[in-house]
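Read off the chains here:
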Amino acid sequence: MSTAAATPARTGQVLADLLPASRVRDAALVLGGAALTGLAAQISVPVPGSPVPVTGQTFAALLVGTSLGAGRGFLALALYALAGIAGVPWFAGASSGVAPSFGYILGMILASTVVGALARRGADRSMLRMAGTMLVGEAIIYAIGVPYLALATGMSATAAIAAGLTPFLIGDALKAALAMGALPTAWKFANKS
């Protein structure tokens, strides 16, 4: 089978689909995606004047969605959120429960689902499309997280944007750049095998 014939067969797939299909695989991927997000959340740097820290959590959530696809990405982030609410200390700073920053976690569930659907349509195959996918995912996270922050803390919309969006834009650009290189490169290696 030629490489040209192999590439179209992979359209409609995400990276996780390259592994042999089984329910055990899917369960392991969902658990692994939740655990990766929990581990990445421990990379946490407080932001002065904001109840929301800079974490690796959003990067992991978007990476989980694009790598696992919409369904498994949703399940992984929903498991992450539910376990954290139940007391597993894997939210930022080894915390759990519902905090003013919980809206970002809700946003990550939706974002993981959307970027997973985009990845299944090939949005993770090139640097430019991956950049757009990451921007869409980040926008979803902020569209839910910032209003939730405002409601949970009583901040005005302007104050919530200043505390929950503006300080994170440079870091998000760096995370998008990492993803822009990582996923298209992974597909190049997969297409050579």
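Residues numbered from 1 in each chain as written. Predicted model: local features only at pLDDT ≥ 70, side-chain atom pairs only at ≥ 80, totals over all residues. Heavy atoms only, no water.

Details of the pattern of salt bridges
What counts is decided by this rule: Between Lys or Arg on one side and Asp or Glu on the other, a salt bridge is scored when a side-chain nitrogen of the former is within 4 Å of a carboxyl oxygen of the latter. Secondary structure counts use DSSP, requiring at least four H or I residues in a row for a helix and at least two E residues in a row for a strand, with both numbered from the N terminus. Only protein chains enter the accessibility calculation, which uses a 1.4 Å probe; a residue is then buried when its area is under 20% of its type maximum, exposed when over 50%, and partly exposed in between.
If you walk through the whole model with that rule in mind, you get 6 salt bridges. Close ionic contact of R120 with D17 constitutes a salt bridge, the shortest N to O distance being 2.7 Å. Here the residue R120 occupies a position in helix α5 (residues 102–120), and D17 occupies one in the loop between α1 (3–10) and α2 (23–41), the gap between them amounting to 103 residues. Here R120 falls in the partly exposed class, since its relative accessible area comes to 30%. Relative accessible area serves as the criterion here: at 18%, D17 is assigned to the buried category. Here D124 and R125 are joined by a salt bridge, their closest N and O atoms 3.0 Å apart. Judged by its relative accessible area of 0%, D124 falls in the buried class. Via salt bridges that share partners, D17, R25, D26, R72 and R120 belong to a single interconnected network.

Regarding helix α3 (residues 57–68)
The following threshold applies: By definition here, a helix of n residues has an expected span of 1.5 Å times n minus one. We call two residues in contact when some of their heavy atoms are within 4.5 Å.
The end-to-end C-alpha distance of α3, which contains 12 residues, comes to 16 Å, matching closely the 16 Å that a straight helix rising 1.5 Å per residue would cover. Within α3, 11 of the 12 residues are buried, leaving the element largely enclosed by the surrounding structure. Where the residues of α3 are buried, they touch α2, β2 (54–55), α4 (70–85), α5, α6 (127–153) and α8 (169–192).

Focus on the nonpolar core
Definition in use: By nonpolar core is meant a set of buried Ala, Val, Leu, Ile, Met, Phe, Trp, Tyr and Cys residues that side-chain atoms within 4.5 Å join together.
Counting residues in hydrophobic clusters, the biggest one holds 44 residues, and the most contacted among them are L77, Y80, Y104 and M134. Looking at this core, the elements with two or more residues in it are α2, α3, α4, α5, α6 and α8. Residue contacts for L77: discarding those within four places in its chain leaves T37, A61, V64, M108, I109 and S112.

Regarding the layout of surface pockets
In this approach, a probe sized like a water molecule rolls over the atoms, and the result shows the empty space that is left. Here is the rule we go by: Points on a 1 Å grid over protein atoms alone make up a cavity when a 1.4 Å probe fits among them but cannot get out, and a pocket when they form an open set with protein on both sides within 12 Å along at least five of seven lines; lining residues each have an atom within 4 Å of a point. Grid points are joined across faces, edges and corners, and a volume is the space filled by probe spheres set on the points. Following the grouping adopted for this structure description, the nonpolar residues are Ala, Val, Leu, Ile, Met, Phe, Trp, Tyr, Cys and Pro, the charged ones are Asp, Glu, Lys and Arg, and the polar ones are all others, Gly among them.
Looking at the largest pocket, its volume works out to about 340 Å³. In terms of lining residues, the largest pocket is bounded by 25 residues, among which V52, P53, T55, Q57 and Y104 are the most central. Elements represented by at least two residues in the lining of the largest pocket include exactly β2, α3, α5, α6 and α8. At 4 residues, the largest contribution of residues to the lining of the largest pocket is made by α5. For the lining of the largest pocket, the per-class residue count stands at 15 nonpolar, 8 polar and 2 charged.

Topic: the packing of α6 against helix α7 (residues 157–164)
What counts, and what does not: Lines are fitted to the C-alpha atoms to define the axes, a helix being fitted only along its stretch in contact, and any angle between axes, read from their N-to-C directions, falls within 0 to 180 degrees. For classification, angles of less than 35 degrees are called roughly parallel, those exceeding 145 degrees roughly antiparallel, those between 65 and 115 degrees roughly perpendicular, and all remaining angles oblique. A clockwise turn of the near helix away from the far one marks a right-handed crossing, whereas an anticlockwise turn of less than a right angle marks a left-handed crossing.
Between α6 and α7, the least distance of the axes is 9 Å, while the angle of their chain directions is 120°. Put simply, α6 runs oblique to α7. The handedness of the crossing between α6 and α7 comes out as right-handed. Residue-level contacts link Y142, V146, L149 and A150 of α6 to A160, I161, A163 and G164 of α7. Residue composition of the contact of α6 with α7, by class: 7 nonpolar, 1 polar and no charged.

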